[in-house]
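Structural description and commentary
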Amino acid sequence: MERLVLFDIDCTLIDGHGAGGRAIMRAVKEVYGVEGELGDYSFHGRTDPGIVRDLADLWGASDPETVLGRYEGETQPQVVHDLAERLGMPDDVIDTLVDRCVARYVELLAYEVDRVRIEVLPGVKELVTALAADRRVLVGLLTGNVAEGARIKLAPTGLYPLFRVAAYGSDSPLRAELPPVAVARAEALTGRRFSGKGIVVIGDTPADIECGAGLGVKAIAVATGRHSLDELAAHEPDHLFADMGDWRAVYEAILA
C-alpha cells in the first residue's frame, strides 16, 4: 500500500444543496436562542463544532439578555445563579452548549437530507470506486463534518462504505489537527507507515490545501466549491483541477 488518499466531503465529493447549512443554523437557533445573517462568514473549510461556536458568537449567544431568554418562565434564583457563574466568560457560555447543539444539528441534518437530492459531483463515483479497488491505495475521509453527519450525507451516494479510515470534525474543531488523526488511524489499520507525498489530501478550499502542510502531504485542489481556480492556485496545491470529471487525470496525479 503506497498511498493514503483523504477526501473532503462538501463541494468535493457532493453538493448537498444547502442541507447542512440549514440544519446547523436551525440548531443554533433552537439551542442558543439566536439567529442572524451570515454576512461574509463561510462554512467552507471549517468543522461543524467550529461553525457552531462561530455562529453562536457572531449572533450574540453570550449576551446577558440572550442567556436570560433561555430561562424564561423559570425561577429568578436559578437565573441569577447561572448568570453569576457564567456571565463575564463568553466562551464558556457558548462552549457549554456546543455538544448539545451539534447533536441537534445531526438530527436536523437527517431530516434535511431526506428532503433534497444529494448530488455526487462529476467523476467522483468513478474515481473513488477505482481507488478503493486499487490495492496500492487506502481511501479515507478528512472532513469538518462530525462522524454521524458525514455518514448521513454520504449514505445516499452509496460511497460511504468505500472510505476505510477518517478524521472528522468530532475529533477536533481545528481542521489542521485532523490529518495526523487520519494518518494514525490508517497506520493502525494497515500496520504500514504513511508519510510525506504518500499522503494525499483532496479538497475544494484553501483550508484543505494547507491543513496537511506540517506533514508534507500532496495537496490536490478542485474548484467545485466557493473558491475559483485562481484563488486555489494562490495557495500552491500540488495539483489543481476545475473538477474531477476527468477522473483518470486525478487518479494519475494521486499516484504520481
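Residues numbered from 1 in each chain as written. Predicted model: local features only at pLDDT ≥ 70, side-chain atom pairs only at ≥ 80, totals over all residues. Heavy atoms only, no water.

1. Overview of the packing of aromatic side chains
Following the criterion strictly, the structure yields three aromatic pairs and no others. Measuring from centroid to centroid gives 6.2 Å for Phe7 and Phe163, while their planes differ by 75 degrees, and the two rings are edge-to-face. You can see Phe7 sitting in strand E1 (residues 3–7) and its partner Phe163 sitting in the loop between helix H8 (147–154) and strand E5 (165–167), a full 156 residues away along the chain. Exposure class is identical for Phe7 and Phe163. Each is buried. Aromatic pair Tyr41 and Phe43: ring centres 6.0 Å apart, planes at 70 degrees, arrangement edge-to-face. (Phe/Tyr/Trp six-rings, centres within 6.5 Å; stacked < 30°, edge-to-face > 60°. Helix = DSSP H or I, 4+ residues; strand = E, 2+ residues; numbered from the N terminus. Buried < 20%, exposed > 50% of the residue type's maximum accessible area, 1.4 Å probe, protein only.)

2. Digging into unusual backbone geometry
Non-glycine residue Cys11 carries a positive phi angle of around 65 degrees. Checked against the element boundaries, Cys11 lands in the loop between E1 and strand E2 (14–15).

3. Quick look at the nonpolar core
One finds Phe7, Leu13 and Tyr32 to be the most contacted residues of the largest nonpolar core, which totals 59 residues. When residues of this core are assigned to their parent elements, the largest contribution, eight residues, is made by helix H6 (residues 98–115). By size, the runner-up hydrophobic cluster in this structure holds 15 residues, among which are Leu142, Ala167, Ile199 and Val201. (Core = buried A, V, L, I, M, F, W, Y, C linked by side-chain atoms within 4.5 Å.)

4. Section: the packing of helix H2 (residues 48–58) against H6
Direction vectors running N to C along H2 and H6 enclose 115 degrees, while the axes themselves pass 10 Å from each other. Comparing their axes, H6 and H2 come out roughly perpendicular. Crossing angle aside, the handedness with which H2 passes H6 is right-handed. For the pair H2 and H6, the contacting residues are Asp48, Pro49, Val52 and Arg53 in the first and Val98, Cys101, Val102 and Tyr105 in the second. (Axes fitted to C-alpha atoms, helices over the stretch in contact; angles between N-to-C directions. Parallel < 35°, antiparallel > 145°, perpendicular 65-115°, else oblique. Left-handed = near helix turned anticlockwise from the far one by under 90°. Contact = heavy atoms within 4.5 Å.)

5. Details of the packing of helix H7 (residues 124–133) against helix H12 (residues 247–255)
At their nearest, the axes of H7 and H12 sit 9 Å apart, and the two run at 40 degrees to each other. Relative to H12, the element H7 lies oblique. Our pair here, H7 against H12, has a crossing hand that is right-handed. Across the interface between the two elements, Glu126, Leu127, Ala130 and Leu131 of H7 pack against Trp247, Val250, Tyr251 and Ile254 of H12. In terms of residue class, the contact of H7 with H12 is built from seven nonpolar, no polar and one charged. (Nonpolar A, V, L, I, M, F, W, Y, C, P; charged D, E, K, R; others polar.)

6. What about H6?
For the α-helix, the turn length of 3.6 residues means that residues three or four positions removed from each other point alike. Relative to the 26 Å expected for 18 residues at 1.5 Å per residue, H6 spans 25 Å between its end C-alpha atoms, a close match to the ideal helical length. For H6, the set of buried residues is Val98, Cys101, Val102, Tyr105, Val106, Leu108, Leu109, Glu112 and Val113. (Expected span 1.5 Å × (residues − 1).)

7. Let's talk about the sheet that holds strand E6 (residues 199–203)
Here six strands make up an open sheet; going across it, the order is E5-E4-E1-E6-E7-E8 and the pairing parallel. Across the chains shown, the open sheet's two edge strands, defined by having one partner strand only, are E5 and strand E8 (239–241). For this sheet the average axis-to-axis angle between neighbouring strands, irrespective of direction, equals 20 degrees. As paired elements, strand E7 (residues 218–222) and E8 share three bridges and run parallel to each other. What sits directly across from Ile220, in E8, is His239. (Pairing = 2+ DSSP bridges.)

8. So, the side chain of Arg3
If you trace the backbone, Arg3 turns up in strand E1. No salt bridge is formed by the buried Arg3; the nearest opposite charge belongs to Glu2, separated by 4.5 Å. In this structure the side chain of Arg3 is engaged in a polar contact, spanning 3.1 Å, whose partner is the backbone oxygen of Ala256. Each residue touching Arg3, except ones within four places of it in the same chain, is listed here: Arg136, Val137, Leu138, Phe194, Lys197, Gly198, Val200, Lys218, Ile254, Leu255 and Ala256. (Lys, Arg positive; Asp, Glu negative; His and termini not counted. Salt bridge = Lys/Arg side-chain N within 4 Å of Asp/Glu carboxyl O. Polar contact = N/O pair within 3.5 Å; in protein donor to acceptor, adjacent residues only side chain to side chain.)

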